[in-house]
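Remarks on the overall topology
Take a look at the letters that make up each chain.
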Amino acid sequence: MRLILLGAPGAGKGTQCKRIVAEYNLSHLSSGDILRQERAQKSELGQKAQEYMDSGSLVPDELIVEMMAGAIKKTPQEGFVLDGFPRTVNQSVELDKYLEKANKTIDMVINLIIDDQIVLQRLTGRRSCPTCGAVYHIENLKPKVDGICDNDGTRLVQRPDDTVEVVANRLKTYHEQTEPVADYYRQNGYVFDVQADMDVDQITDLLFDKLDALQKA
Ligand code: AMP
């Protein structure tokens, strides 16, 4: 199966992707995670992406398309879930061109729909552990000791792009540039819209039902 998961930042794409790839044995290709790895390695791409990411703007299409085409090429045949990519209509067009050349198609686009106010509350309260990657929330998922990871005692950090100003800009960017991506795929008739303010497990159940049906079709 080859899937695309769309949705505003903070809609829960990462969580649902992890569950989908585990259940259906797919590769998780997250453009944001790949960019953060590139930054950590101080690669040329990572350095070019830094400023855009920290301000909540999009990294230029040509850099992202090349990076994601490379990631898709390396994945095994079972398939993949694209998370955070494509984020502009131009990226979708370029992805289609690449897939056509590689003789591959997208089977379904999942679109997680969420209110801006919920995104703001979720993301600005998010904290993570730089050592083990565990994610917490200052109100909804508190660690046992404020600001300290339960697993390894490391001081928790806020992602630089989870501050109020940057989240507001990420949302603006999403509405202007990424929402039209769902409409682009809608023309082909394979978008599955899901309200993402429900319980996380409920959303997973809905997605698994849909994907089971897709596999049987
Ligand atoms: P994410 O973790 O998916 O929210 O991505 C973090 C940041 O990486 C975004 O705010 C963008 O600056 C950049 N980024 C991730 N994916 C893309 C993409 N497909 N196109 C352009 N920029 C991206």
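Scroll up a little and you will see the structure.
As a starting point, this report considers the structure included with it.

Rules and cut-offs
- Within each chain, residue numbers correspond to sequence positions counted from 1 in written order.
- Given that the model is predicted, a residue must reach a pLDDT of at least 70 before its local features are reported, and side-chain atom pairs must reach 80 or more before they are shown or counted; all residues, however, enter totals for whole chains, interfaces and linings.
- No hydrogens and no water enter the side-chain calculation; it runs on all heavy atoms of the structure.
- What counts as a ring pair is set by centres within 6.5 Å for rings of Phe, Tyr and Trp (its six-membered ring), and what kind of pair is set by the plane angle: stacked under 30 degrees, edge-to-face over 60, tilted for all other angles.
- Under the scheme applied here, a residue whose accessible area is under 20% of the maximum for its type counts as buried, over 50% as exposed, and between as partly exposed, the area being computed with a 1.4 Å probe on protein chains only.
- A cutoff of 4 Å decides nearness: a residue is near a molecule or strand if any of its heavy atoms lies inside that distance of it.
- In the analysis that follows, any N or O atom pair within 3.5 Å is treated as a polar contact, provided that within protein one partner can donate a hydrogen and the other can accept it, and provided that, for residues neighboring in sequence, both atoms belong to side chains.
- Exposure was quantified through the Shrake-Rupley algorithm and a 1.4 Å probe, taking into account, for residues, occlusion by the shown protein chains and nothing else.
- Secondary structure is summarised from DSSP: a helix means a run of H or I of at least four residues, a strand means a run of E of at least two, and numbering begins at the N terminus for each.
- Think of it as the arc spanned by the lines of direction from the helix axis to the C-beta atoms.
- With axes taken as lines fitted to C-alpha atoms, and helix axes fitted only over the stretch in contact, angles between N-to-C directions fall between 0 and 180 degrees.
- With respect to orientation, any angle under 35 degrees is reported as roughly parallel, any angle over 145 as roughly antiparallel, any angle of 65 to 115 as roughly perpendicular, and every other angle as oblique.
- Between two residues, a contact is recorded if the distance between any of their heavy atoms is within 4.5 Å.
- Here the nonpolar group is Ala, Val, Leu, Ile, Met, Phe, Trp, Tyr, Cys and Pro; Asp, Glu, Lys and Arg are the charged ones; every other residue, Gly included, is treated as polar.
- For this analysis, a salt bridge means a side-chain nitrogen from Lys or Arg found within 4 Å of a carboxyl oxygen belonging to Asp or Glu.

Aromatic ring pairs are reported here in terms of the distance separating the ring centres and the angle at which the planes meet. Enumeration over the complete set of coordinates arrives at three aromatic pairs. Look at Tyr184 and Tyr185: their rings are 5.1 Å apart centre to centre, the planes differ by 85°, and that puts the pair in the edge-to-face class. Pair check on accessibility: Tyr184 and Tyr185 agree, each one buried. Pairing Tyr185 with Tyr190 gives two aromatic rings, centres 6.3 Å apart and planes at 35°, and the pair type is tilted. For Tyr185, a relative accessible area of 0% puts it in the buried group. Among the residues examined, Tyr190 registers a relative accessible area of 24% and is labelled partly exposed. A connected cluster of aromatic rings, assembled from ring pairs, spans Tyr184, Tyr185 and Tyr190.

The next thing to look at is the site of the ligand. Around the ligand sit 17 residues, and of these Ser31, Arg36, Ser57, Gly84 and Gln91 come closest. Between the ligand and Val59, the relevant distance is 3.0 Å, taken from a nitrogen atom to a main-chain nitrogen or oxygen of the residue. The separation between a nitrogen atom of the ligand and a polar main-chain atom of Gly84 is 2.9 Å. When the ligand sits alone it has 480 Å² of accessible area, and the protein chains cover 95% of it. When residues of the shell around the ligand are assigned to their parent elements, the largest contribution, four residues, is made by helix α2 (residues 31–40).

Moving on: helix α3 (residues 44–55). Among all positions of α3, only Leu45, Gly46, Ala49 and Met53 are buried. End-on view of α3: buried residues confined to an arc of 80°, all on one side of the axis. Facing away from the buried side of α3 by more than 90 degrees, the exposed set consists of Glu44, Gln47 and Glu51. Of the residues flanking the end of α3, it is Gly56, one or two places downstream, whose phi is positive at about 85°.

With that settled, consider the packing of α2 against helix α4 (residues 61–73). Contact geometry for α2 and α4: axes closest at 11 Å, N-to-C directions at 100°. As judged from the angle between their axes, α2 and α4 are roughly perpendicular. Within the contact between the two elements, α2 uses Ser31, Ile34 and Leu35 and α4 uses Ile64, Met67, Met68 and Ala71. Partitioned by chemical class, the residues of the contact of α2 with α4 number six nonpolar, one polar and no charged.

What follows deals with the pattern of salt bridges. Throughout the structure, instances matching the rule amount to twelve salt bridges. Two residues, Arg126 and Asp162, come together in a salt bridge whose shortest N-O distance is 2.9 Å. One end of the pair, Arg126, is in strand β5 (residues 126–128); the other, Asp162, is in the loop between β6 (135–137) and α7 (164–186), with 36 residues separating them in the sequence. Using a relative accessible area of 22% as the deciding quantity, one classes Arg126 as partly exposed. One salt bridge connects Asp161 with Arg170, and the closest N-O pair in it is separated by 4.0 Å. Each member of the pair, Asp161 as well as Arg170, carries the same accessibility label: buried. Among the charged side chains, a salt-bridge network with shared partners connects Arg126, Arg159, Asp161, Asp162 and Arg170.

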